[in-house]
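Now for the letters of each chain:
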Amino acid sequence: MFPPYRYYPIFTDSPYTLLQAEEQHRDHAVQEQVNADLIGGPLAHLPSGHFAANAAWLTCAAITHNLLRALGCLASAFHARARGATLRRHLISVPARLARHGRSGGHGHLDLHLPARWRWQPAWLNAFTATHDPPATPTA
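Computed from a prediction, not measured in an experiment: that's the story for all the values here. (Residues numbered from 1 in each chain as written. Predicted model: local features only at pLDDT ≥ 70, side-chain atom pairs only at ≥ 80, totals over all residues. Heavy atoms only, no water.)

### Quick look at unusual backbone geometry
Working note: non-glycine residues mostly have negative phi, and peptide bonds are mostly trans. Not every positive phi belongs to a glycine, and arginine 117 is a case in point at roughly 55°. Structurally, arginine 117 can be placed in the loop between strand E2 (107-113) and helix H5 (121-131). (Helix = DSSP H or I, 4+ residues; strand = E, 2+ residues; numbered from the N terminus.)

Quick look at the structure:
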């Protein structure tokens with residue numbers, strides 16, 4: 001078992017107190033992780049040479065990043081800390097099958113068949129049930 005406290009050495013020449021320097025370092029580390037995630041993903045395709053196109057792409061990348069972070073938090077504790085590429089691989093690019101059946105008023109019922117024995121199914125279902133209402137139960 002780990003001891004209740006962990007100690008980390010900090011070397012800095014900043015004028016901040018120790019607690020301020022540690023907080024700034026942690027904030028910087030989080031921001032660097034976000035930058036690395038975006039640069040390794042959607043921002044790898046910049047610049048296009050057109051300012052408006054770059055602005056639109058950057059806006060879409062930021063929205064996508066925030067949605068992926070929210071998805072990870074809803075899915076599991078592991079996915080809450082995972083990189084964007086991991087979230088896309090585990091929860092977005094799912095080899096599922098969509099099936100339509102039944103005839104209710106001209107529209108069929110859609111079923112999503114997830115892979116059998118899929119390792120990330122509980123996390124995917126956590127995110128799905130957190131964002132969707134349960135299906136209505138038929139009344140007799």
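### Structural notes on the nonpolar core
In terms of nonpolar packing, the biggest core is built from 11 residues, these being Leu68, Ala75, Ala82, Leu87, Leu91, Val94, Trp118, Trp120, Ala123, Trp124 and Ala127. Counting residues per element, the ones that place at least two in this core are helix H2 (51-75), helix H4 (84-92) and H5. Counting residues per element, this core draws most heavily on H5, at three residues. If near-sequence neighbours (up to four positions away) are discounted, tryptophan 120 is found in contact with Phe78, His79, His90 and Leu91. (Core = buried A, V, L, I, M, F, W, Y, C linked by side-chain atoms within 4.5 Å. Buried < 20%, exposed > 50% of the residue type's maximum accessible area, 1.4 Å probe, protein only. Contact = heavy atoms within 4.5 Å.)

### Notes on the packing of aromatic side chains
One pass over the structure, following the stated rule, counts two aromatic pairs. Ring centres of tryptophan 124 and phenylalanine 128 lie 5.3 Å apart, and the angle between their planes is 10°; on these two criteria the pair is classed as stacked. Within this pair, tryptophan 124 and its partner phenylalanine 128 are both found in helix H5, separated by four residues, close to a single helical turn. On the basis of relative accessibility, which here comes to 16%, the residue tryptophan 124 falls in the buried class. (Phe/Tyr/Trp six-rings, centres within 6.5 Å; stacked < 30°, edge-to-face > 60°.)

### Considering a nonpolar patch on the surface
A cluster of nonpolar side chains, contributed by Leu98, Leu110 and Leu112, occupies part of the molecular surface with about 300 Å² of accessible area. Tracing the sequence through the fold places leucine 112 in strand E2. (Patch = residues over 30% accessible without salt bridge, like charges linked within 9 Å, V, L, I, M, F, W, Y side chains within 5 Å. Areas by Shrake-Rupley, 256 points an atom, 1.4 Å probe, with all protein chains shown as cover. Salt bridge = Lys/Arg side-chain N within 4 Å of Asp/Glu carboxyl O.)

### Some remarks on the packing of H2 against H4
Between H2 and H4, the least distance of the axes is 10 Å, while the angle of their chain directions is 60°. As far as their axial angle goes, H4 and H2 are oblique. You can see that H2 and H4 cross each other, and the crossing is left-handed. Between H2 and H4, the contacting residues are Leu68, Arg69, Leu71, Gly72 and Ala75 on the first element and Gly84, Leu87, Arg88, Leu91 and Ile92 on the second. Its residues assigned to classes, the contact of H2 with H4 shows six nonpolar, two polar and two charged. (Axes fitted to C-alpha atoms, helices over the stretch in contact; angles between N-to-C directions. Parallel < 35°, antiparallel > 145°, perpendicular 65-115°, else oblique. Left-handed = near helix turned anticlockwise from the far one by under 90°. Nonpolar A, V, L, I, M, F, W, Y, C, P; charged D, E, K, R; others polar.)

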